[in-house]
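# Chains, contacts and geometry: an overview
Each chain, written out:
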Amino acid sequence: MKDALKSPFFWGFTLLMLLALSVIVYYAPVERTMGLVQKVFYFHVASAWVGLVAHTVVFAASILYLWKRSGGSDRLARASAEIGTVFISCTLLTGPLWAYPIWNTWWTWDPRLTTTLVLWFMYAAYIALHGGGASEARKRLAAVYGIICFINVPLVFFSTRWWRSIHPVVISSEGIALTPKMRVAMFVSVGVFSVLYFYLLRLRMKSLELQERVRHLKAQLLA
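I will try to describe carefully the structure that is included in this document. As the structure is a computational prediction, the values presented were derived from the model and not from experiment.

### Notes on the overall build of the protein
- A count of helical and extended segments in the protein gives 8 helices and 2 strands.
- Helices and strands appear in the protein in the N-to-C order α-α-α-α-α-α-α-β-β-α.
- At a minimum sequence separation of 6, the contacts of the protein that also span at least 24 residues come to 74%.
- Total accessible area on the protein is roughly 12,700 Å²; 71% of this is exposed by carbon and sulfur atoms.

See below:
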């Protein structure tokens, strides 16, 4: 924790987060119909974006691991899956807060919501399957499953276009359905959350690498 507080990146990111909050609270206008609750939208969209990006990284890292059998690729896939699942959890939690005043219900089996929930369960299962296992067989199995899980990522992204949905479509073929100031707030929040993802990914990969070193040292001592 002390090392993190000394890091210039930590303080730089803190300033970025304060900037994003300021843009969302003070710069972005209050939506006429939904009111202040609409501002949850910026956290919701940013969390969803990072979650989908993180799970795309799992897909690419899993393919790379099966091809190269590199420990770094396995750590990248596991770390990204863990972080992506946290962000998808934030997506599922912030969605109802934003939608309840409009839909008058906390949950509905809308295609976007349903596919996102399925995505969360699939990657939670991936994390459980991987389990930090040291065996190559388990890592290969997790990599194969990580590739299969990716099938649901485009389903989540395109669900509002492929099926009839009450979920609002922010980005369509006609453009972005937001006012200019709302667009700025959305892009700022997505950018800051993306920086947060890469920062957490870096920290988690270092943590996993240290865990592997400790495991190898224990194995050598017991040999």
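### Regarding the pattern of salt bridges
- Applying the stated criterion across every chain, the model contains 3 salt bridges.
- For Glu82, the salt bridge identified is with Arg204, shortest N-O distance 2.6 Å. Taken together, the positions of Glu82 in helix α4 (residues 71-103) and Arg204 in helix α8 (residues 180-222) put the pair 122 residues apart, joining distant regions of the chain.
- A single network of salt bridges, built from pairs that share partners, joins Arg78, Glu82 and Arg204.

### Examining a nonpolar patch on the surface
- A surface patch of nonpolar side chains, about 280 Å² in accessible area, is lined by Leu15, Leu18 and Leu21.
- Mapped onto the secondary structure, Leu15 falls in helix α2 (residues 8-27).

### Re the nonpolar core
- Membership of the largest hydrophobic core comes to 26 residues, with the highest contact counts inside it found for Phe41, Tyr42, Phe87, Met186 and Tyr197.
- Only α2, α3 (40-68), α4 and α8 provide two or more residues apiece to this core.
- With 10 residues, the top contributor of residues to this core is α8.

### Concerning empty space enclosed by the protein
- Across all of its chains, the model carries 2 cavities of 30 Å³ or more by this definition.
- Ala61, Ser62, Tyr65, Ser73, Asp74, Ala77, Tyr126, His130, Lys139, Ala142 and Ala143 together form the lining of the second largest cavity.
- When the residues that make up the lining of the second largest cavity are grouped by side-chain class, the tally is 6 nonpolar, 3 polar and 2 charged.

### Focus: unusual backbone geometry
- A positive phi is found at Arg69, a non-glycine position, where the angle reads about 60°.
- Structurally, Arg69 is set in the loop between α3 and α4.

### Structural notes on the packing of aromatic side chains
- Tallied over the entire structure, the rule returns 7 aromatic pairs.
- With 4.2 Å between their ring centres and 20° between their planes, Phe59 and Phe150 make a pair best called stacked. You can see Phe59 sitting in helix α3 and its partner Phe150 sitting in the loop between α6 (136-149) and α7 (152-162), a full 91 residues away along the chain.
- Residue classification places Phe59 among the partly exposed residues on the basis of a relative accessible area of 23%.
- Through successive ring pairs, a cluster of aromatic residues spans Phe43, Phe87 and Phe193.
- The ring of Trp67 has Lys68 sitting right over it, with the charged end atom 4.2 Å from the ring centre.
- The lysine or arginine in question, Arg69, covers the ring of Tyr65, its NZ or CZ lying 6.0 Å from the ring centre.

Reading the values: rules and limits
- Residues numbered from 1 in each chain as written.
- Predicted model: local features only at pLDDT ≥ 70, side-chain atom pairs only at ≥ 80, totals over all residues.
- Heavy atoms only, no water.
- Helix = DSSP H or I, 4+ residues; strand = E, 2+ residues; numbered from the N terminus.
- Contact = heavy atoms within 4.5 Å.
- Areas by Shrake-Rupley, 256 points an atom, 1.4 Å probe, with all protein chains shown as cover.
- Salt bridge = Lys/Arg side-chain N within 4 Å of Asp/Glu carboxyl O.
- Patch = residues over 30% accessible without salt bridge, like charges linked within 9 Å, V, L, I, M, F, W, Y side chains within 5 Å.
- Core = buried A, V, L, I, M, F, W, Y, C linked by side-chain atoms within 4.5 Å.
- Buried < 20%, exposed > 50% of the residue type's maximum accessible area, 1.4 Å probe, protein only.
- 1 Å grid on protein atoms, 1.4 Å probe; cavity = no way out; pocket = protein on both sides within 12 Å on 5 of 7 lines; lining within 4 Å.
- Points joined across faces, edges and corners; volume = space filled by probe spheres on them.
- Nonpolar A, V, L, I, M, F, W, Y, C, P; charged D, E, K, R; others polar.
- Phe/Tyr/Trp six-rings, centres within 6.5 Å; stacked < 30°, edge-to-face > 60°.
- Lys NZ or Arg CZ within 6 Å of the ring centre and 35° of its normal.

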